[in-house]
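Examining the three-dimensional arrangement
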Amino acid sequence: MSTPAITVEAGPHERRDCPLEFRLPEPLPAGSWALADVDGTQLALEIGADGLLRSVLPHLPAGQTRTYGIEQAGATVPRVSVEDSGAAVDMSLDGQIVTRYVYADVPARPYFHPLNAPGQVPITRAYPMTPDAPGESRDHPHHRSVWIAHGEVNGTDNWSEETGHGYTRHQQIDHHRSGPVTGSFVSMGLWTGSDGAPILTQGLSVTLWAAGPTARILDFMIRLEASHGDVVFGDTKEGGILSIRVASELDVPRTGRITNVFDGQDESETWGKSAHWCDYSGSIGGTPVGISVFDHPHSFRHPTHWHVRNYGLMTANPFGYSAYTNGVKNGSHILAGGDALLFRYRVLLHRHTCAEARVAGRYLDFIAPPGIRVTA
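This write-up is about the structure you can find in this document.

This paragraph deals with the packing of aromatic side chains. Tallied over the full model, the rule gives 13 aromatic pairs. Ring centres 5.4 Å apart and planes at 70° place the aromatic pair Phe112 and Phe220 in the edge-to-face group. Note that Phe112 is positioned in strand β10 (residues 111-117) and Phe220 in strand β17 (residues 215-225), a separation of 108 residues in sequence. Residues Phe112 and Phe220 agree in their burial class; the two are buried. Three or more aromatic residues joined by ring pairs make a cluster, and in this case those are Tyr101, Tyr103, Phe112, Phe185 and Phe220. Here the guanidinium or amino end of Arg169 rests over the ring plane of Tyr167, the centre of that ring lying 3.8 Å away.

This is how it looks when you write it as structure tokens:
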């Protein structure tokens with residue numbers, strides 16, 4: 001069969017290890033396929049159940065284009081493996097664990113731990129999951145690596161683990177899959193009061209990309225639905241739709257540096273500020289690494305505000321306006337029964353500093369990806 005040519009246009013920015021998604025006018029037959037460069041190099045090509053084709057572009061300089069053919073490939077071994085044990089979902093890349101979504105036997109809500117940067121560098125704090133982790137701070141035990149929560153939802157504290165806190169109850173893993181380019185899972189959860197009364201439904205989709213050796217990419221889609229009547233999200237800084245507690249070596253008093261899209265530095269210039277992305281970089285065990293969170297334009301109240309602290313917390317919180325503006329604005333929001341809020345984030349785990357890792361360019365990969373032309 002004849003297949004179309006795929007022309008990728010970098011646009012005005014360099015692209016490196018850049019996720020690609022596109023559609024064809026006519027679907028490809030079942031089987032293994034690849035994008036083939038003129039020099040014979042093959043890029044893995046994945047056909048999703050949603051009809052999207054996915055690949056990763058290794059490198060394309062600014063202003064340049066590259067045309068690929070589509071050809072059949074030999075049997076492919078999934079580079080991204082996603083496995084559900086019944087207690088947690090493991091997401092691995094080339095046999096190495098990148099993260100684990102722990103949903104069973106949790107004190108308040110599911111969380112992701114570990115989270116490993118390239119080279120298997122653990123980039124989030126192990127405490128309190130590992131109570132005696134050497135060299136780590138012991139504050140804020142509810143800061144469990146990576147988690148989703150908010151401190152005032154219909155008056156319920158679904159942020160801390162203090163007496164009377166609310167819960168996010170795991171309901172089910174809808175599905176999970178492995179693949180040569182991406183692997184993903186979808187879960188459902190229920191936010192409740194301390195008495196177990198339901199408040200809202202949480203849908204979570206997480207996708208891990210098989211990117212290059214110096215970066216790992218995780219895409220999060222979070223949907224909060226007012227499935228049990230109106231929901232009031234309160235104006236409090238104690239929360240974050242996506243929250244991260246970095247490894248203690250990355251704390252700013254140690255090796256760390258916080259940077260946002262405007263080149264704001266550390267807590268004094270980034271806390272409470274609205275920004276398209278925020279990055280926490282430093283050195284762990286002598287290895288320079290960092291973690292960035294990108295907010296997508298489709299997210300509620302994009303660009304989000306950041307509750308980010310020198311002691312290691314980085315969280316996207318679009319509700320805490322009173323604290324951020326010294327009472328000038330109020331960030332509470334009423335979500336009518338049956339409606340939903342959507343949040344999309346990309347988490348980049350990178351080697352090197354924020355600047356050396358080209359974090360700003362990688363944000364453009366997320367919100368303004370390369371142009372793709374399909375020709376017969």
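Picking up after the structure, the text goes on.
Here the focus is the environment of Asp251. By the secondary structure assignment, Asp251 is in the loop between β19 (239-245) and β20 (257-260). When the C-alpha atoms of Asp251 and Val308 are compared, they prove to be 11 Å apart, with 57 residues separating the residues in sequence. With sequence-adjacent residues up to four places away left out, Asp251 is seen in contact with Val246, Gly256, Tyr280, Asn310, Tyr311 and Gly312.

On the basis of which strands lie adjacent, the open sheet formed by 7 strands has the order β2-β5-β4-β3-β6-β1-β27 and antiparallel pairing. Of all strands in the sheet, those with a lone pairing partner are β2 (15-22) and β27 (371-375), marking the two edges. The sheet shows a mean angle of 30° between the axes of neighbouring strands, taken without regard to direction. Pairing of strand β1 (residues 5-9) with β27 involves 5 bridges; the strand directions are antiparallel. Across the sheet, Ile6 pairs through a bridge with Val374, a residue of β27.

Conventions we followed
Residues numbered from 1 in each chain as written. Predicted model: local features only at pLDDT ≥ 70, side-chain atom pairs only at ≥ 80, totals over all residues. Heavy atoms only, no water. Phe/Tyr/Trp six-rings, centres within 6.5 Å; stacked < 30°, edge-to-face > 60°. Helix = DSSP H or I, 4+ residues; strand = E, 2+ residues; numbered from the N terminus. Buried < 20%, exposed > 50% of the residue type's maximum accessible area, 1.4 Å probe, protein only. Lys NZ or Arg CZ within 6 Å of the ring centre and 35° of its normal. Contact = heavy atoms within 4.5 Å. Pairing = 2+ DSSP bridges. Axes fitted to C-alpha atoms, helices over the stretch in contact; angles between N-to-C directions.

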